[in-house]
Amino acid sequence: MTARMNRFYDDRMYVDRLRKYYGNSDFFNYGYWDEDTFDQKAACENLLEKLLSFFPSQSGKILDVACGKGASSEYLLKYYNPQDITGINISEKQLATCKEKIPEATFLLMDAAKLEFEDDSFDNILCVEAVFHFNTRERFLREAYRVLKPGGCLALTDILLTKWGVQQGLWWIDANNALLTHLIAYEKIYRRTGFVQVDILDATKACWDDHCMNLGRFCYDKLMAGEIDKKIYSEIAGRIFRIIPFINYYLLVGARKVITE
Amino acid sequence: MSKITSRINRHYDQVMYSEYRNKYYGDSDFFNYGYWGSKTLDQKAACENLIEELLSFFPSKTGNILDVACGKGATANYLLKYYKPQDITGINISEKQLATCRAKIPEATFLLMDAAKLEFGDNSFNNILCVEAVFHFDTRERFLHEAYRVLKPGGCLALTDILLTKWGEQKNPFRPSGGFVGNLEDYKRIYQRVGFKGVEVIDATKECWQGCYKNLARYSYEKLMVGEIDINIFNEVAMNIFRKLSATQYYLLAGATKKNSEKMSA
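Calculation criteria
Residues numbered from 1 in each chain as written. Chains lettered and ligands numbered in written order. Predicted model: local features only at pLDDT ≥ 70, side-chain atom pairs only at ≥ 80, totals over all residues. Heavy atoms only, no water. Helix = DSSP H or I, 4+ residues; strand = E, 2+ residues; numbered from the N terminus. Buried < 20%, exposed > 50% of the residue type's maximum accessible area, 1.4 Å probe, protein only. Contact = heavy atoms within 4.5 Å. Pairing = 2+ DSSP bridges. Axes fitted to C-alpha atoms, helices over the stretch in contact; angles between N-to-C directions. 1 Å grid on protein atoms, 1.4 Å probe; cavity = no way out; pocket = protein on both sides within 12 Å on 5 of 7 lines; lining within 4 Å. Points joined across faces, edges and corners; volume = space filled by probe spheres on them. Nonpolar A, V, L, I, M, F, W, Y, C, P; charged D, E, K, R; others polar. Buried area = accessible area lost by both parts, 1.4 Å probe. Salt bridge = Lys/Arg side-chain N within 4 Å of Asp/Glu carboxyl O. Polar contact = N/O pair within 3.5 Å; in protein donor to acceptor, adjacent residues only side chain to side chain. Expected span 1.5 Å × (residues − 1). Right-handed = clockwise from strand over helix to strand, strands pointing away.

Quick look at the environment of Leu41 of chain B now. Residues and elements named next belong to chain B. The residue Leu41 is located in the loop between α2 (19-24) and α3 (43-55) in this model. With relative accessibility at 74%, the residue Leu41 sits in the exposed group. Separated by 96 residues in sequence, Leu41 and Phe137 have C-alpha atoms that sit 32 Å apart. In contact with Leu41, not counting residues within four places along its chain, are Trp36 and Asn215.

Right, let's get into the sheet that holds strand β2 (residues 88-92) of chain B. All names here are of chain B. Spatial strand order, β3-β2-β1-β4-β5-β7-β6: seven strands in an open sheet with mixed pairing. The sheet is open, and its two borders are formed by β3 (109-112) and β6 (197-203), each paired with just one other strand. With direction set aside, neighbouring strand axes in the sheet form an average angle of 15 degrees. Looking at chain direction, β6 and strand β7 (residues 248-257) are connected through five bridges and run antiparallel. Counted as the bridge partner of Lys197 is Thr257 from β7.

Moving on, we get to empty space enclosed by the protein. Residue and element names in this part refer to chain B. By the definition in use, this model includes two cavities of 30 Å³ or more. For the largest cavity, the calculated volume is near 60 Å³. Lining the largest cavity, in full, are Val134, Phe135, Phe137, Thr139, Arg140, Glu169, Arg175, Pro176, Ser177, Gly178 and Gly179. The residue inventory of the lining of the largest cavity, partitioned by class, reads four nonpolar, four polar and three charged. Computed from the structure, the second largest cavity encloses a volume of approximately 30 Å³.

Taken together, the contact between chain A and chain B spans 24 residues of the former and 26 residues of the latter. Across the interface of chain A and chain B, roughly 2,300 Å² is buried in total on both sides, 74% from carbon and sulfur atoms. Between Asp221 of chain A and Lys171 of chain B there is a salt bridge, and its shortest N-O distance comes to 2.9 Å. Where chain A meets chain B, there are four residue pairs in polar contact (both at pLDDT 80 or more). Contributing elements (two or more residues each) for the side of chain A that touches chain B: α7 (163-168), α10 (204-224) and α11 (230-243) of chain A. Ranked by the residues each element gives to the side of chain A that touches chain B, the list is headed by α11 of chain A, at 10 residues. Classifying every residue of the side of chain A that touches chain B gives 14 nonpolar, four polar and six charged.

Once that is clear, we can look at helix α3 (residues 40-52) of chain A. Residue and element names in this part refer to chain A. Compared with the 18 Å implied by 1.5 Å per residue over 13 residues, the 18 Å span of α3 between its first and last C-alpha is a close match. All of the buried residues in α3 are Gln40, Ala43, Cys44, Asn46, Leu47, Leu48, Leu51 and Leu52. Turning to α3, the residues buried within the fold contact α2 (16-21), α4 (71-76), β4 (122-127), β5 (148-161), α10 and β7 (247-256). Where α3 begins, the side chain of Asp39 points an oxygen toward the backbone nitrogen of Lys41, at a separation of 3.2 Å.

Glancing now at the pairing of β3 of chain B. All names here are of chain B. With four bridges connecting them, β2 and β3 associate as parallel partners. Counterpart to Asn92 in the pairing with β3 is Leu112. Where the polypeptide runs from β2 across helix α5 (residues 95-104) and back to β3, its parallel neighbour, the crossover connection is right-handed.

Below, the structure is given as structure tokens:
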């Protein structure tokens, strides 16, 4: 699955047409749409702000898990010194893009479920739209908990499937993770790991639904302007239509490691 | 026939008779998003649910009833559960759909008529139903005035409506201009301006629009996986939903009542 995932993202993330949709930024997530969010890049920045607001403060050392092409890390420079930012990824190709973008930050090839960091290493951990990929989500949470400093915060976005979706199976969601479809059971895994102050927000509309709406608007305008043809438009529509019945929840999660007595 | 009217007819006369859609609707002749509860299993059941939701606005399911934009007669057919066919009148702007209606329920009345220019006398109907069509009318408000006029005092209008985003309203070739309404308060005020009392507007976007497209996506995915449809048909269906996804803001249920009498008794 790792190889397939890398093939998929290493291909999709570098498609010119998709980069254009992301305002030529290196973002690649659904974003968070407010009333005054007008494009995908702004929505992605918005999503980061929502996640950062879980942190007690935007200071100290931060780990960006599944850092993609480095857009999140780059945005973090608004608050952090590059020396305080570490990104990990399973794709050498994406890591190369990251290293080129922010040479002073640290980017490492690493499995999120087997973190090669010492205990109590980071003040905060960020993970945007990737945790459902990990083998497994719970193993990652245990690792995140271990490498967080006491009182440190983990902020992430996650996707839960519909029951129908679990039966079908979706290659990009780890089979163990897919089984978890209920919010109550979902919260339990954080508690079980030891996390406290677990905040789980249902952002399905603001993230997934409104992403679909904006992508639809963007593509329709391109179709009308003759910039894309009907075949491409229908392929994009088909891609979204294939995901729609799978998505039950898009969640924002914040969780803290206990402060030692 | 105006340009937009013939465009609407061309569109529905085609999609309402497409084999894929008919199968999806369980050969029921329904053609709306329906109302999806946790136990709703298929599109036909959802469409019947939606009619029940609308009928629940009526003080009683008695007297005569007008079904505005009656489609292929599925709603009128469902109404036979409560009404005699002689008490049901359906109107439509498509002769093709009307022919289907008449073949289905010969004893009911089906007429070619513009919803914004009703050819009925004042105080003609106990209740009026209009499923997922009022946004096509030129205009919505003119229809509401007409509906109010032909309703008997104390009669009730129940309908579903779709509000698009401003962007969506501008791009939609099936809607007359001037129909944009940005929020539910403004929407409710239109009914009150017309004179309706007891105006109820319910946001059913999740139960109707989302319920429908999610189910259609699930249904189409399964058909694709077992090879009953190919990727081109799948993408064609997807394209239609994608276009609507980019524009749909609210799916509303509305109920409104005509005043019992113009003059208060002493």
